[in-house]
Amino acid sequence: SKWVYAFGGGAAEGRSGMKNLLGGKGANLAEMANLGLPVPPGFTITTEVCTYYYTNGNVYPADLKAQVSAALTQIEKIMGSTFGSIDNPLLVSVRSGARASMPGMMDTVLNLGLNDQTVEGLAARSKDPRFAYDSYRRFIQMYSDVVLGVEHHHFEDILDSHKSDHDLTLDTDLSAEDWKTVVAAYKEKVKEELGRPFPQTVEDQLWGAIGAVFGSWMNQRAITYRRLHDIPSEWGTAVNVQAMVFGNMGDDCATGVAFTRNPSTGANEFYGEYLVNAQGEDVVAGIRTPQYLTTAARQAAGADLPSMEEVMPRVFADLEDVRRKLEAHFTDMQDLEFTVQQSKLWMLQTRTGKRTAAAALKIAVDMAEAGLISKEAAVRRIEPGALDQLLHPTLDPKAERRLLAHGLPASPGAASGRVVFSAEDAELWTKKGEKVILVRIETSPEDIGGMHVSQGILTSRGGMTSHAAVVARGMGRPCVAGAGELRIDYRAKTLKSMGQEVKEGDVITLDGSTGQVMLGAVPTVQPELTGDFGTLMGWVDSIRTLKVRANAETPLDARTARHFGAEGIGLCRTEHMFFDPSRIIAVREMILASDEEGRRHALAKIQPYQKNDFVELFEIMQGLPVTIRLLDPPLHEFLPGNDAEMEEVARAAGTDIAVLRARNTQLHEANPMLGHRGCRLGITYPEIYEMQARAIFEAAVEVARKSGKTVSPEIMIPLVGTKKELDLLKEVIDRAAAEVFKASGTTLDYLVGTMIELPRAALTAGAIAESAAFFSFGTNDLTQTTLGMSRDDSGPFLEVYRQRGIYEHDPFASLDQEGVGELIQIAAERGRKTRPNLKLGICGEHGGDPASIAFCQRVGLDYVSCSPYRVPIARLAAAQAAL
Ligand code: PEP
Ligand code: MG
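Because the structure is a prediction, the values reported are computed rather than measured. Residue positions are counted from 1 within each chain, in the order its sequence is given. All chains are assigned letters beginning with A, and all ligands numbers beginning with 1, in the order in which they are written. Totals for whole chains, interfaces and linings use every residue, but because this is a predicted model, local features are given only for residues with pLDDT of at least 70 and side-chain atom pairs only at 80 or more, for both listing and counting.

*Asks:* It is not clear to me how the sheet that holds strand E19 (residues 456-459) should be interpreted in this structure. Could you clarify?
*Replies:* In space, the eight strands of this open sheet follow the order E15-E25-E24-E17-E18-E19-E20-E16, with mixed pairing throughout. Where the open sheet ends on each side, the last strands, each with one partner, are strand E15 (402-406) and strand E16 (408-411). Direction aside, neighbouring strands of the sheet carry axes that sit 35 degrees apart on average. If DSSP finds at least two bridges between two strands, the strands pair. Under the scheme used here, helices are H or I runs from DSSP no shorter than 4 residues and strands are E runs no shorter than 2 residues, and both carry numbers assigned from the N terminus. As paired elements, E16 and strand E20 (residues 479-481) share three bridges and run antiparallel to each other. Only the stretch in contact is used when a helix axis is fitted, and all axes are lines through C-alpha atoms; the angle between N-to-C directions ranges over 0 to 180 degrees.

Structural data, given as structure tokens:
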């Protein structure tokens, strides 16, 4: 079989589509050669050789040697020099090149082919013995380190002592004679370390380097990198052997790196750095200050050293030409490496350039508008998750960070503030004009107020769907959750982490996009939703078929959702409205009531508030559908948590505190998530849902009348497991509607539907659909109940599960398609069989996750609903799913 692919001299055996076989670097070198660009000739040993090598006990295929030697001969022909020749030696580089780029993970050897004789040939040919011996010592150093395992520092020590013995400071101060002495000492060192001399046979050198590159595929660094980036080890690496060109042969030589556009802003300007008389590693090593490529960039930066455009205008023009050709050919921003040898340009690499989210957006839009790519391609190119970077303030990447802890990146964005340890303190401090970060072991619904006024939320316990995480995402507040190394002491008002102590009032910074927690204030930068953003989102909306709604209950959330393009509310969690300080007393009175009459009395006080909530939401949503979920959580969550609050409620309700305590005990549940919640509350206390339904219809009638627009309430029953539950509650709602319509003398259309949050509901969806006008998959609970894993307690062991590959992703963040997804599919099919026009949506956290959104598209849902800040991400993901 064919193991070796040659390139150079205006042609190549490979091409860019062959990345799996030739690796990214090899495939693109071939492509550049095919395009007629100046690529030093070379060949690629395929990734299949790597795989062969590892599956056959570290031996090469039998016919590899002959193929390598033939390819080498071809390089010699093109270059007019000979590998190992004393008069006119060919030197080569040997580099790794995997399918996916693994920067800095594997090994490279330059200047291979030098020995005690060929170095003389190189000196004579280049008329520069200093250059030749400098190259030889670089080669010995690199080869010994990479191939022979003689550590780098031995050579550094030798060079340093030579410099100090001879009063020399910089490498450039050393003469040819100096390098000769250093080379001799290097070789001596190798012999001392290995007990054998540095290899002088060029073929041995070559095979040593090839073996080292294949070997480096299995080094610890590379293994770790692959694990972190999901790169399978079966992919293997290719090896690229290529004629050396020299950027360090004099002042008409140079080396540099460039991006065809600005990778941080996306601006269509040539962006890069170069160094005169230097080899590639010198640019990266940071010893000399690289110079700007273009005069415009140099002037903008106020730099003195001349640009490449000024120093070597003719070569620069060639490079500009290459830039144009590569962009036109690859139709994407490229990241280039080049070398100039004696005023001739050579291209060493091209690949798709990494960029910021802002740059990705600008480049995609610019290229589509210039007709270089289609609008669909532009939409496909933006990673939905990356939009997050554009929607929230982010930490200034240039600022210093003093790490305190890390947790889950639960809600993106950055925030700094003074540490407080309770929601009350958060509100108190905020009233005094302080910016605060709320630090809790975990949060609960009564912390809402404190969470709302905080800049950010930090918890030591809980996962991606913990209360803190869900609420913070909903509010667009940055949140780091489950930072397990934090030791929080509520009594002392301190937290300890990584040997550091933080007291109440100390300033910390959260990076909700990475999960990092820093001491002190780290400066942030504000996002700008530029014109490109709007343009791209316009294309997105014309492509997608899934509708995108938001999970929102406050007017602020609803407005944010509209601002980000939500097409309605998919989930309004009404219990969040019950915690408002102005009504919590009445709510508690309702819970304490000993009979229905007492409850109705208290509910009558709450109803006007509820009605106003819905009036505001309907007004903001201007006729778009609003799905309102009736009360869900267990009642005990509304009871006061401490004695002071108990007394307050007792006084207001005119009850004895002992009654309250007894009620508290009575309502206590061992497993509240599976307890008296959801529609079970509605079944046992129908007057609660009745009050909510009235409030909804009265609000709807009022807004419809005032605005003259249609109002589309969709009332949703939570945690249904049987058709009968739904039937009983639908009756309550229909009755409330009839009464409100009769009293007001008007009527309007509304829907009653259900959440599908229990496996039983999914399996009996055919029957449930007889009564439900729509299903909304509550995948937070559906995941919890299908996996039998608590959404609040699974963080710690799920992390281990992920590491062990039991679940690939956190199933509370990205839908478990195999299990939970199967139930969704069953429910969708059975539901639609009963009711073909059944409306289907999802409102769990997964509604904002791109992979889960793609799944929703496949199974034919009508819409996804997610927190307001994820709406643009969901729109983009929906468009990509439709392509
Ligand atoms: C769900 O369970 O997916 C859901 C949306 O409801 P909640 O998160 O309020 O339980
Ligand atoms: Mg739920």
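*Asks:* Got a minute to help me understand the site of ligand 1 in this structure?
*Replies:* Proximity of a residue to a molecule or strand is defined by its backbone-placed C-beta atom lying within 6 Å of that partner. If you check the shell around ligand 1, you find Leu 571, Arg 573, Asp 632, Glu 757, Gly 778, Thr 779, Asn 780, Asp 781, Cys 843 and Gly 844 and nothing else. Elements with a contribution of two residues or more to the shell around ligand 1: strand E28 (569-573) and helix H32 (779-787). Broken down by element, the residue count for the shell around ligand 1 peaks at three residues, all from H32. In this count, Pro and Cys sit with the nonpolar residues alongside Ala, Val, Leu, Ile, Met, Phe, Trp and Tyr, while Asp, Glu, Lys and Arg are called charged and the others, Gly among them, polar. Split into classes, the residues belonging to the shell around ligand 1 amount to two nonpolar, four polar and four charged.

*Asks:* Explain the domain arrangement of the chain here, please?
*Replies:* One frequent convention defines the size of an interface as the accessible area lost when the parts assemble. Domain segmentation is taken from an automatic or database assignment of domains. Domain boundaries in the chain define domain 1 (4-243), domain 2 (254-355), domain 3 (393-525) and domain 4 (531-576 + 591-629 + 673-882). In this structure, domain 1 and domain 4 have C-alpha centres spaced 60 Å apart.

*Asks:* I keep staring at the UniProt feature "binding site: substrate" (unreviewed entry) in the chain and nothing clicks. Help me out?
*Replies:* When the UniProt feature table is mapped onto this chain, "binding site: substrate" (unreviewed entry) is found at Arg 573, Arg 629, Glu 757, Gly 778, Thr 779, Asn 780 and Asp 781. Within the secondary structure, Arg 573 sits in strand E28. The exposure class of Arg 573 is buried, given the 22 C-beta atoms found within 10 Å. What counts as a contact is two residues whose backbone-derived C-beta atoms lie within 7 Å of each other. Filtering out sequence-adjacent residues up to four positions away, Arg 573 remains in contact with Glu 553, Arg 629 and Asp 632. For every residue, the other C-beta atoms within 10 Å of its own C-beta are counted; 20 or more classify it as buried, 12 or fewer as exposed, and values in between as partly exposed. C-beta atoms are placed from the backbone. By the C-beta count within 10 Å, which is 24 here, Asp 781 ends up buried. Apart from the residues lying within four places of it in its own chain, the contact partners of Asp 781 are Leu 719 and Glu 757. UniProt positions are given in the numbering used here, feature names are shortened, and annotations may be inferred rather than shown by experiment.

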